[in-house]
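What follows is each chain in one-letter form.
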Amino acid sequence: MVDSFIHDVPAARVVFANGSIAQVGPELDRLGCSRALLVAGGPEAQFADRIEADLGPRVVARFSDVVMHVPVDIAERAVTLARESGADSVIALGGGSSTGMAKAIAKETGLPILAVPTTYAGSEMTSIWGMTEGRRKTTGRDLRVLPKTVVYDPELTISLPAEISAASGMNAIAHLVEGLYAPGVSPISFLQAREGIRALAAGLPKVADDPTSLDARCDALYGAWLAGWTLGTTGMGVHHKICHTLGGTYDLPHAPSHSAVIAYATDFNSQHAPDAMAAIVRGLNAGGIACTDAAQGIWDLAVRIGAPVSLAEVGFDAESVDEAAAIVAEAQPVNPRPVDHAGVEGVLRAALAGVRPAGGAQ
Ligand SMILES: NC(=O)c1ccc[n+]([C@@H]2O[C@H](COP(=O)([O-])OP(=O)(O)OC[C@H]3O[C@@H](n4cnc5c(N)ncnc54)[C@H](O)[C@@H]3O)[C@@H](O)[C@H]2O)c1
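Not measured: the values here are computed from a predicted model. The numbers attached to residues start from 1 for each chain and follow its sequence in the written order. Local features are withheld for residues below a pLDDT of 70 in this predicted model, meaning they are given only at 70 or higher, and side-chain atom pairs are given and counted only at 80 or more; totals for whole chains, interfaces and linings count all residues.

In this section: the overall build of the protein chain. Secondary structure assignment for the protein chain yields 14 helices and 8 strands. Two things to know: the radius of gyration comes from C-alpha atoms, and the globule rule equals 2.2 Å times the number of residues to the power 0.38. Taking 362 residues into account, the globule formula puts the C-alpha radius of gyration at 21 Å, and the protein chain, at 19 Å, falls close to it. Taking the principal axes of its C-alpha atoms as reference, the protein chain extends roughly 60 × 40 × 40 Å. For the exposure call, what matters is how many other C-beta atoms sit within 10 Å of a residue's own: 20 or more marks it buried, 12 or fewer exposed, and in between partly exposed, using C-beta atoms placed from the backbone. Put simply, the protein chain has 362 residues, and 53% of those count as buried. A run of H or I in DSSP counts as a helix once it spans at least four residues, and a run of E counts as a strand once it spans at least two, with each numbered from the N terminus.

A few words now on the nonpolar core. What tends to happen in soluble globular proteins is that the nonpolar side chains get buried as a cluster. Judged by nonpolar contacts, the single largest core of 117 residues is most densely connected at Val 39, Val 90 and Ile 91. For the purposes of this description, domain bounds are those given by an automatic or database domain assignment. Each of two domains, domain 1 (13-157) and domain 2 (162-353), supplies a minimum of three residues to this core. Once you skip the residues sitting within four places of it in the chain, Ile 91 turns out to touch Val 24, Ala 36, Leu 38, Val 39, Ile 51, Leu 114 and Val 116. Nonpolar cores are identified as sets of buried Ala, Val, Leu, Ile, Met, Phe, Trp, Tyr and Cys residues joined via C-beta atoms within 7 Å. C-beta atoms are placed from the backbone for every residue, and two residues are taken to be in contact when these atoms lie within 7 Å.

With that settled, consider the domain arrangement of the protein chain. Its domain assignment divides the protein chain into domain 1 (13-157) and domain 2 (162-353). Counting residues at the interface gives 25 residues for domain 1, matched by 24 residues for domain 2. Residue assignment for the side of domain 1 that touches domain 2 shows that the elements contributing at least two residues are strand 1 (13-16), strand 6 (128-133) and strand 7 (136-141). With 3 residues, strand 7 is the largest single contributor of residues to the side of domain 1 that touches domain 2. Considering only residue class, the side of domain 1 that touches domain 2 consists of 9 nonpolar, 11 polar and 5 charged. Amino acid classes used here: Ala, Val, Leu, Ile, Met, Phe, Trp, Tyr, Cys and Pro are nonpolar; Asp, Glu, Lys and Arg are charged; the rest, including Gly, are polar.

So, about the site of the ligand. Each residue gets a C-beta atom placed from its backbone. If that atom is within 6 Å of a molecule or strand, the residue is near it. Looking at the ligand, there are 30 residues lining it, with Gly 42, Gly 95, Gly 96, Thr 119 and Ser 123 nearest. Taken together, the elements giving at least two residues each to the shell around the ligand come down to helix 4 (96-109), strand 6, helix 5 (162-180) and helix 9 (254-269). With 4 residues, helix 4 is the single largest residue contributor to the shell around the ligand. Counted by class, the shell around the ligand contains 9 nonpolar, 20 polar and 1 charged residues.

Moving on, we get to the environment of Thr 212. Along the chain, the position of Thr 212 falls in the loop between helix 6 (187-209) and helix 7 (214-233). C-beta crowding within 10 Å serves as the criterion here: with 10 such atoms nearby, Thr 212 is assigned to the exposed category. Spatially, the C-alpha atom of Thr 212 lies 9.8 Å from that of Pro 161, the residues being 51 residues apart in sequence.

Next up on the list: the packing of helix 5 against helix 6. Inter-axis angles, ranging from 0 to 180 degrees, are taken between N-to-C directions of lines fitted to C-alpha atoms, where helices are fitted over the stretch in contact. Look at helix 5 against helix 6: their axes get within 9 Å of each other, and the N-to-C directions meet at 165°. Overall, the two elements helix 5 and helix 6 adopt an arrangement that is roughly antiparallel. In this structure, helix 5 crosses over helix 6, and the sense of that crossing is left-handed. Between helix 5 and helix 6, the residues in contact are Ala 162, Ser 165, Ala 166, Gly 169, Ala 172, Ile 173, Leu 176, Gly 179 and Leu 180 and Ser 189, Phe 190, Ala 193, Gly 196, Ile 197, Leu 200, Leu 204, Val 207 and Ala 208, respectively. Within the contact of helix 5 with helix 6, the residues separate by chemical class into 13 nonpolar, 5 polar and no charged. Orientation labels follow simple angle bins: below 35 degrees gives roughly parallel, above 145 gives roughly antiparallel, 65 to 115 gives roughly perpendicular, and whatever is left gives oblique. In this scheme the handedness of a crossing depends on how the near helix is turned from the far one: anticlockwise by less than a right angle means left-handed, clockwise means right-handed.

Although it is not a glycine, His 69 sits at a positive phi angle of roughly 70°. Mapped onto the secondary structure, His 69 falls in the loop between strand 3 (59-63) and helix 3 (72-85). The exposure class of His 69 is partly exposed, given the 17 C-beta atoms found within 10 Å. Unusually for a residue other than glycine, Asp 251 sits at a positive phi of about 55°. Mapped onto the secondary structure, Asp 251 falls in the loop between helix 8 (238-250) and helix 9. C-beta crowding within 10 Å serves as the criterion here: with 13 such atoms nearby, Asp 251 is assigned to the partly exposed category.

In the contact formed by helix 9 and helix 14 (residues 341-353), the axes pass within 9 Å of each other and the chain directions differ by 135°. Judged by the inter-axis angle, helix 9 sits oblique to helix 14. Here helix 9 runs over helix 14; the crossing is right-handed. Across the interface between the two elements, Ala 260, Val 261, Tyr 264, Ala 265 and Phe 268 of helix 9 pack against Gly 343, Gly 346, Val 347, Ala 350 and Ala 351 of helix 14.

With that settled, consider the environment of Val 347. Within the secondary structure, Val 347 sits in helix 14. Considering only alpha carbons, one finds Val 347 and Trp 229, 118 residues apart in sequence, at a separation of 26 Å. In this structure Val 347 touches Ile 242, Val 261, Tyr 264, Ala 265 and Phe 268, once residues within four positions along its chain are discounted.

Another aspect to go through is helix 7. In a helix, the anticipated span is given by 1.5 Å times the number of residues less one. Here helix 7 spans 28 Å end to end across 20 residues, near enough to the 28 Å set by a 1.5 Å rise per residue. Burial runs high along helix 7: 16 of the 20 residues are buried.

This part is about the pairing of strand 6. Successive side chains on a regular strand alternate, one facing one side of the sheet and the next facing the other. Paired strands are those between which DSSP finds at least two bridges. Relative to strand 7, strand 6 runs antiparallel, the two sharing 6 bridges. Residue pairing in the sheet places Glu 133 in a bridge with Arg 136 of strand 7. Hairpin connection of strand 6 to strand 7: 2 residues between the antiparallel strands, including Gly 134 at a positive phi of 60°.

What follows deals with helix 8. Across its 13 residues, helix 8 extends 17 Å between first and last C-alpha, which sits within 8% of the 18 Å expected from 1.5 Å per residue. Burial within helix 8 is extensive, with 11 of its 13 residues counted as buried. Those residues of helix 8 that sit buried are Val 238, His 239, His 240, Lys 241, Ile 242, Cys 243, His 244, Thr 245, Leu 246, Gly 247 and Gly 248. Where helix 8 is buried, its residues touch strand 6, strand 7, helix 5, helix 9, helix 13 (321-331) and helix 14. Downstream of helix 8 by one or two residues, Asp 251 has phi in the positive range, about 55°.

Below you can see the structure in the form of structure tokens.
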């Protein structure tokens, strides 16, 4: 029997092709825009030069001070530049940090975003914004920050180092896992999440073996698109709340933290979300990761691709467990298994130890 559901999918135009960076100009035209602010930092800014050369005077300014978790003071400078340059649009080129900075601009100015993602973070498919002030990270949803167009060019991900690709891929897996048991999941988003797990399980090991394989990069980026879409259209549970806290309060790196927690958060929920667990196992098996338990399969995938499975490895300190568990428990994230201090502490301690889950946890 089909359960009741709401399938709420805000529209974004998605262009997915090798070499599609050449489509950024035509896609900007399609949006009716001609004065873009180009946001790009880090090594991926090499592709911003290509966009600037293609678009010429249609790029009116460039913002390259991209910092993870969008510090409020830096976002304010980006908003000022958008206003002073008379931009009518924002091109977000790069990982979730670039997209996040572009979203901060869109939230204040209402300018449309054209996103060109170069990691597997998935922010380009969501209306979720995030900003950090001091040790506090605030997030919210606002349709104005959802990119109007997303150009996925797998060729741009070839330069993403193997280690970052692996952690970022596990970040995408985490979106898919939590989407599968979110109250907002619909029959279609359920299938899309399972397909995303299959694509990432197939692509990420090949990326780990050969980061220059374009076939592997296509599979992984396709899975990342489905993951971002799942994140944007369902809801997230205890895992995302834990990682939000690790990033916002302890300044831990985003994707590696997700990678180090997701197997243990899945283990925590395993007896409370049987349909989701079966879909994870099916997706992993179809992608070539043999397993009978979802948490173990996720852990095996992470180890296979060299992604972190231990929070100690990511820089989390055992002395912070109690405080972090209190923050997460107090937030009461919507989750299949009720979330209390002891439960979160268990997930954090397991993630600190980094040992393969026993499977079938109660
Ligand atoms: N709002 C949302 O829906 C959402 C979703 C996911 C992540 N996020 C946010 O995104 C941020 C994390 O994003 P991320 O994990 O993509 O990190 P990131 O954007 O900081 O990128 C990680 C690293 O990879 C480098 N990089 C990116 N693309 C590259 C390429 N093609 N070649 C070489 N190097 C490259 C970057 O310079 C950076 O050093 C966090 O702030 C997180 O909160 C938001």
